[in-house]
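Spelled out, the chains give:
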Amino acid sequence: MLVRDAMSTVVLTIGPTHTLRQAAALMSARKVGAAVVHDPDAGGIGILTERDILNSLGRGQDPDTERAHAHTTTDVVFAAPSWTVEEAAGAMAHGGFRHLIVLEHDEPVGIVSVRDIIRCWAPVRRQREAPAVIA
């Protein structure tokens, strides 16, 4: 299976000056665990995840004053829609992250998450483990 078949095409894009509270509210409303941060002044595309927001809160930082750019990962591994799900899972395992921004022609077209990969693999595993039906 390919990343294009597994990815979510709901891509939440925010700016670097969004507060963490604003980012969290948008992520919650769209039921996504990551936002693409578009910041042309700082190198282009980064990612802000629910874990980044949680880490900030855990440090006692104020979500109403902390800005997305201060918590954005800019050293991002991008996936292509033509990658296999196995390649995406390998990149996530190797890098220790749970989301990959999917780029096509240098534009974000989706995000693939660990949850997406599990959804793809779970039905296959159930079919293999299903007991044989004796007629």
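Everything that follows concerns the structure shown earlier in this document.
Since the structure is predicted, the reported quantities are computational estimates derived from the model, not experimental observations.

Asks: How should the pattern of salt bridges be read in this particular structure?
Replies: Side chains that differ in sign of charge can pair as their charged atoms come close. Under the defined criterion, the tally for this structure stands at 3 salt bridges. With a closest N to O distance of 2.5 Å, R21 and D64 form a salt bridge. One end of the pair, R21, is in helix α2 (residues 20-30); the other, D64, is in the loop between α3 (50-58) and β4 (78-79), and 43 residues separate them in sequence. Under the relative-accessibility criterion, D64 is labelled partly exposed at 39%. One salt bridge connects R119 with D116, and the closest N-O pair in it is separated by 3.1 Å. Of this pair, R119 and D116 are both found in helix α5 (residues 114-129), 3 residues apart, which corresponds to roughly one turn of the helix.

Asks: Quick question: what am I supposed to make of the environment of N55 here?
Replies: With respect to the element layout, N55 can be found in helix α3. For N55, a relative accessible area of 39% gives the class partly exposed. Along the sequence, N55 and G43 sit 12 residues apart, while their C-alpha atoms lie 23 Å from each other.

The rules behind the values
Numbering of residues starts from 1 in every chain and runs along the sequence as written. With pLDDT at 70 or above as the cut-off, local features in this predicted model cover only qualifying residues; side-chain atom pairs require 80 or more to be listed or tallied, and sums for whole chains, interfaces and linings still use all residues. Excluding hydrogens and water, the side-chain figures rest on all heavy atoms present in the structure. A pair is scored as a salt bridge if a Lys or Arg side-chain nitrogen falls within 4 Å of a carboxyl oxygen belonging to Asp or Glu. Note on conventions: DSSP H or I runs of at least 4 residues are helices, E runs of at least 2 residues are strands, and numbering of each starts at the N terminus. Summary of the burial criterion: residues with accessible area below 20% of their type's maximum are buried, those above 50% are exposed, and those between are partly exposed, where the area comes from a 1.4 Å probe applied to protein chains only.

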